[in-house]
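# Close look at the chain arrangement
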Amino acid sequence: MAGKAPQENIDEAQLRVTDVQKKAVGIPGVVHALEVSLKQMGPIRSAQALLKINQKNGFDCPGCAWPEEDKRHKAEFCENGAKAVAEEATKRRVPPQFFAEHSVSELRGWDDFRLGQQGRLTDPMFLAEGSENYVPVSWDFALGLLADELKALKDPNEAIFYTSGRTSNEAAFLYQLMVRGLGTNNLPDCSNMCHESSGSALTETIGIGKGSVSLEDIYQAELILIAGQNPGTNHPRMLTALEKAKKNGAVIVAVNPLPEAGLMRFENPQTVRGLVGGGIALADDFLQIKLGGDQALFQGLGKFLLEEQRRPGSEHAGRVFDTAFIDSHTTGLGEYLEQLETVTWAEIVTASGLSEDQIRATGQRLLASKATVVCWAMGLTQHKHSVAMLRDVVNLLLLQGNIGKPGAGVCPVRGHSNVQGDRTMGIFERMPAKFLDALDAEFSFASPRAHGFDTVAAIEAMRDGNAGVFLGMGGNFVRATPDSDVTEKALGNLSLTVQISTKLNKSHLVTGKQALILPTLGRTERDAQAGGDQRVTVEDSMSAVHASRGRLAPASKNLLSEVAIVCRLAALLFETDDGGTRPGAPLADWSALAGDYSLIRKHIAAVVPGFEDFEAKIEQPGGFVLPHGPRDSRSFATASGLAHFTANTLEYPKVPAGRLLLQTLRSHDQYNTTIYGKDDRYRGIKNGRRVVFVNKNDLDALGIADGAMVDLVSEWKDGVDRRAPDFRVVAYSTPVGCAAAYYPETNVLVPLDSKADISGTPTSKSVVIRLEPVS
Ligand SMILES: Nc1nc2c(c(=O)[nH]1)N[C@H]1C(S)=C(S)[C@@H](COP(=O)(O)OP(=O)(O)OC[C@H]3O[C@@H](n4cnc5c(=O)[nH]c(N)nc54)[C@H](O)[C@@H]3O)O[C@H]1N2
Ligand SMILES: Nc1nc2c(c(=O)[nH]1)N[C@H]1C(S)=C(S)[C@@H](COP(=O)(O)OP(=O)(O)OC[C@H]3O[C@@H](n4cnc5c(=O)[nH]c(N)nc54)[C@H](O)[C@@H]3O)O[C@H]1N2
Ligand SMILES: [Mo]
């Protein structure tokens, strides 16, 4: 039997701080995942679901975007993947009766854990203006209301269409077509808050916003730098790949303010050795860097290579740089080297918090490596100067020709399982003209060309009264976004907010004047349409596209697939009463597309490069890999046709005395805003989430005791008091001046206009705070 959903908020008084763990996975991970699975799914469904994760002919794990290996284990087992599946395939339900019993005001008092744990949404629900309770409605009513509200807008740019990264390629493609057909590019997505800085930096410098390595490259790498990433929790299957790289002789360097368990030691649950204990030490070196200090580190490494290149008598002199590659494939080296000459070691040390010796030792690792990969995630993308930081990552790799050769390259490790695919399908407020031209040609219409709102701009538009309707294709907008109080108020200005969701979350409760919940199928469920059972496709972090087919019975008879929802809405928007297409609307047979997704793939094949023969290519076992110029042939689709070195002034956060810099991150028991449980096992936290990790020296200097209760108060130039109350202080291994606490509880502290230059990503890893003791 599956267990009952919790009926209480997390009681933070029960919080306990235990020992920090120095290794990841092993038996405790397996046991924990099975516990969660059984509680949510019961034994039979657990077995059905877990055996189909990431198997050929199975479904793509909704956990993360790390690629699958070609030779798969019987169970591609990963603790957090299993938890993600359990949360979706849960037997718990949120039926209409639930909303009759609980008003939205009451539910607003429930925390994210309690809301998410109630289970799957079963029916379309409507919250009328002034009403306290959602009521069940028909799909015709719900979609009719949404279409009417959209049509009634003075300007299509008053509508906002958000996407989270679980949406399939097929649904995403039709969704952006519908949005552009309506006449707007307002397509903000979770990527704006996630890897946007990676996309910005990579597109400028190497001509494509995607990583350049394959799994094989990871296995063949001689040196792997992992900066700003906690794979033990967020990409556990990556540890298996790192273990293999390590066995092949790779050196691994972890760059992180925190000694994350997964990076330190890993027990692979797929192997006997992993299960009996011991495991393998993954990181050879650990650089405990200050928050936001990575640009300094990468410039320091560049400076070291430059010095070695030029040092008379050095065995490496003149041979450090890959001159042949630089001469034929790059531009801008001179300006970059000038910047490296200008920046001083003293500044690099201050900014990074690392010693010159430590950086030089890592430089020696680079000298010794013929193939280097740099992997990164949110620790590098969510700072004010993230784009410059990532350009410096690219600079360093270009110096030694580490792009487009086996075992080398850039590896931004994506989050949501199809966030990369959604972008490929056109979910972007600034899609290039080439894509839009192809879209127009395929559907005989003229898509709008003015850029739309990204996530922050969308909130600003809502706040300022410039938006009327919000539609969320998945995700939990109100909790994932920064400046929670501002965002909540902004949503209240809209006339209608609509969420296409699998599970209950706060975005269903903080609404416009009217609201709709449109419940949809998840990845694990059978998607039966007029043309038979359908499969969808996804793209992983390494540009591999493959099919995903759900097998479980849907959570309710009244769910529609994401594709079906888009098609029905588009038909209401674009079709005339006699079934024709309105003038100016995209020419598409929406009901045929809903019945047979292979027809959608035909359109994708015609519009998106690399998808020719799409249907045939997904028949190949494991799918196919999209073209990637730098990786495939060292060709760079920049204006000059060359890879660009760039000169970036060194930046780093400067924190006033007596203040700390806060990073907001994930615990081991959450998937973004979905909270699975109350523990962060590796970091030694049990039964609670309101903790702030602080260096002991900072606590001493501030006169605050380990275990004391404090409010976190963010300080920003607008002088507004942003406060997250009642956090327990935990003395922890983190650089002096650098604190950490969990997202989304701390999103209230991130000011809306504190965002990265160029990419616009909220600075979730860089918030100046003070600790105010609670008396
Ligand atoms: N189980 C699980 N899996 C997930 C998710 C989840 O919530 N749960 N989320 C998914 C999503 S959408 C994403 S984007 C990824 C996120 O994956 P991660 O980026 O690993 O997630 P975070 O918890 O934000 O961790 C950031 C890491 O960067 C470090 N860090 C913070 N600031 C800095 C810095 O300035 N420099 C350096 N060098 N390091 C820094 C932190 O200490 C932490 O180890 O995971 C995906 N997978
Ligand atoms: N402070 C701070 N803020 C952050 C971050 C941070 O590190 N710190 N990280 C940022 C990052 S990296 C990201 S990616 C965003 C995440 O932002 P989002 O993607 O908006 O948030 P999620 O929590 O992943 O969304 C969870 C909801 O998605 C719905 N859902 C799940 N599966 C499906 C599905 O298959 N279809 C549909 N239609 N709905 C589904 C469920 O209803 C669930 O409640 O948050 C960002 N916000
Ligand atoms: Mo993400």
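Residues numbered from 1 in each chain as written. Chains lettered and ligands numbered in written order. Predicted model: local features only at pLDDT ≥ 70, side-chain atom pairs only at ≥ 80, totals over all residues. Heavy atoms only, no water.

As annotated in an unreviewed UniProt entry, the protein is FdhF/YdeP family oxidoreductase from Arthrobacter glacialis. Recorded in UniProt under Sequence similarities (unreviewed entry), the annotation for the protein is "Belongs to the prokaryotic molybdopterin-containing oxidoreductase family." (UniProt positions renumbered as here; feature names shortened; annotations may be inferred.)

## Side note on the site of ligand 1
Contacts to ligand 1 come from 32 residues, most closely from Asn-256, Glu-260, Asp-294, Gln-670 and Asn-672. Asn-230 places a polar main-chain atom, nitrogen or oxygen, 2.8 Å from an oxygen atom of ligand 1. In the environment of ligand 1, an oxygen atom lies 2.7 Å from a nitrogen or oxygen atom belonging to the backbone of Asn-672. When the free accessible area of ligand 1 is taken as 920 Å², the share hidden by the protein chains comes to 99%. Among the elements of the structure, helix H10 (231–234), helix H19 (378–381), strand S25 (660–665) and strand S26 (670–671) are those that each provide at least two residues to the shell around ligand 1. Considering each element in turn, the shell around ligand 1 owes the most residues, three residues, to H19. In terms of residue class, the shell around ligand 1 is built from twelve nonpolar, 16 polar and four charged. Residue contributions to the shell around ligand 1 reach at least three from each of two domains, namely domain 2 (196–413) and domain 3 (660–773). (Near = heavy atom within 4 Å. Polar contact = N/O pair within 3.5 Å; in protein donor to acceptor, adjacent residues only side chain to side chain. Areas by Shrake-Rupley, 256 points an atom, 1.4 Å probe, with all protein chains shown as cover. Helix = DSSP H or I, 4+ residues; strand = E, 2+ residues; numbered from the N terminus. Nonpolar A, V, L, I, M, F, W, Y, C, P; charged D, E, K, R; others polar. Domains from an automatic or database assignment.)

## Describing the pairing of strand S33 (residues 767–773)
In the sheet, S25 pairs with S33 via three bridges, with the strands oriented antiparallel. Bridging from a neighbouring strand, Leu-661 pairs with Val-768 of S33. Summarising the sheet, strand S30 (residues 709–714) and S33 pair through five bridges and their orientation is antiparallel. By the bridge assignment for S33, Val-710 is matched with Pro-773. (Pairing = 2+ DSSP bridges.)

## Comments concerning the pairing of strand S29 (residues 691–694)
Neither face of S29 is left uncovered, since the one carrying Val-691 and Phe-693 and the one carrying Val-692 and Val-694 both have all their residues buried. As judged from the four bridges shared by S29 and strand S31 (residues 722–731), these two strands associate in the parallel manner. The partner of Val-691 across the bridge, within S31, is Arg-728. Bridge count between S29 and strand S32 (residues 738–742): two bridges; the pairing is antiparallel. In the strand pairing of S32, Val-692 is matched with Ala-741. (Buried < 20%, exposed > 50% of the residue type's maximum accessible area, 1.4 Å probe, protein only.)

## Considering unusual backbone geometry
Residue Pro-744 is bonded to the preceding Tyr-743 through a cis peptide linkage, with omega at 5°. In this model, Asp-483 sits at a positive phi of 50°, which is unusual for a non-glycine residue. Mapped onto the elements, Asp-483 comes out in the loop between helix H24 (477–480) and helix H25 (484–492). On the basis of relative accessibility, which here comes to 3%, the residue Asp-483 falls in the buried class.

## Details of the site of ligand 2
Around ligand 2 sit 30 residues, and of these Tyr-162, Ser-164, Ala-480, Glu-562 and Thr-673 come closest. A distance of 2.7 Å separates a nitrogen atom of ligand 2 from a polar side-chain atom of Glu-562. The side chain of Asn-672 places a nitrogen or oxygen atom 3.1 Å from an oxygen atom of ligand 2. In isolation ligand 2 offers 930 Å² of accessible surface; the protein chains occlude 96% of this area. Residue composition of the shell around ligand 2, by class: nine nonpolar, 16 polar and five charged. Per-domain counts for the shell around ligand 2 show at least three residues from each of domain 1 (93–194 + 418–445 + 456–621) and domain 3 (660–773).

## Quick word on helix H7 (residues 169–182)
Across its 14 residues, H7 extends 20 Å between first and last C-alpha, which sits within 8% of the 20 Å expected from 1.5 Å per residue. Of all 14 residues that make up H7, 14 are buried, and the element is covered over most of its length. Gly-183 lies just past H7 and shows a positive phi near 110°. (Expected span 1.5 Å × (residues − 1).)

## Concerning the UniProt feature "domain: Molybdopterin dinucleotide-binding" (unreviewed entry) in the protein
The sites that UniProt annotates as "domain: Molybdopterin dinucleotide-binding" (unreviewed entry) are residues 660–767. With 6% helix and 35% strand, residues 660–767 has end C-alpha atoms that lie 8 Å from one another.

## Thoughts on the nonpolar core
Leu-150, Phe-161, Phe-173 and Met-178 are the most contacted members of the largest nonpolar core, which totals 66 residues. Leaving out residues up to four positions away in the same chain, Met-178 has contacts with Phe-161, Val-566, Leu-569, Ala-570, Leu-573, Phe-574 and Trp-590. Within the second largest apolar cluster, 53 residues are counted, among which are Leu-202, Ile-289, Leu-354 and Leu-396. (Core = buried A, V, L, I, M, F, W, Y, C linked by side-chain atoms within 4.5 Å. Contact = heavy atoms within 4.5 Å.)

## Points about helix H22 (residues 433–443)
Of all the positions in H22, only Phe-435, Leu-436, Leu-439, Asp-440 and Phe-443 are classed as buried. Down the axis of H22, the sector holding all buried residues measures 135°, keeping them to one side. In H22, those exposed residues whose orientation departs by more than 90 degrees from the buried face are Lys-434 and Ala-441. Buried residues in H22 make contact with H7, helix H21 (419–424) and helix H28 (597–607). Directly beyond the C-terminal end of H22, a positive phi value near 50° is found at Ser-444. (Arc of directions from axis to C-beta.)

## A few points about the layout of surface pockets
One number sums up the size of the largest pocket: a volume of about 1200 Å³. Contributing to the lining of the largest pocket are 33 residues, with Gly-207, Ile-208, Gly-209, Met-431 and Pro-432 lying nearest its centre. For the lining of the largest pocket, the secondary structure elements donating two or more residues are helix H8 (196–206), H21, H22 and helix H30 (629–633). Grouping the amino acids of the lining of the largest pocket by side-chain chemistry returns 15 nonpolar, twelve polar and six charged. Composition of the lining of the largest pocket by domain shows at least three residues from each of domain 1 (93–194 + 418–445 + 456–621) and domain 2 (196–413). (1 Å grid on protein atoms, 1.4 Å probe; cavity = no way out; pocket = protein on both sides within 12 Å on 5 of 7 lines; lining within 4 Å. Points joined across faces, edges and corners; volume = space filled by probe spheres on them.)

## Brief notes about the sheet that holds strand S15 (residues 409–412)
An order of S12-S9-S8-S14-S15 is seen for the five strands of this open sheet, with the pairing classed as parallel. Whereas interior strands pair on both sides, the edge strands pair on one side only; in this sheet they are strand S12 (285–287) and S15. When strand polarity is set aside, the average angle formed by the axes of neighbouring strands in this sheet is 15°. Relative to strand S9 (residues 251–255), strand S8 (residues 223–227) runs parallel, the two sharing five bridges. Following the sheet pairing, Ile-224 is matched in S9 by Ile-252. In the packing of H8 onto the sheet, the strands contacted are strand S14 (372–376) and S15, and the crossing angle to S15 comes to about 160°. Docked against the sheet, helix H14 (residues 294–310) engages S8, S9, S12 and S14, running at close to 155° with respect to S8. (Axes fitted to C-alpha atoms, helices over the stretch in contact; angles between N-to-C directions.)

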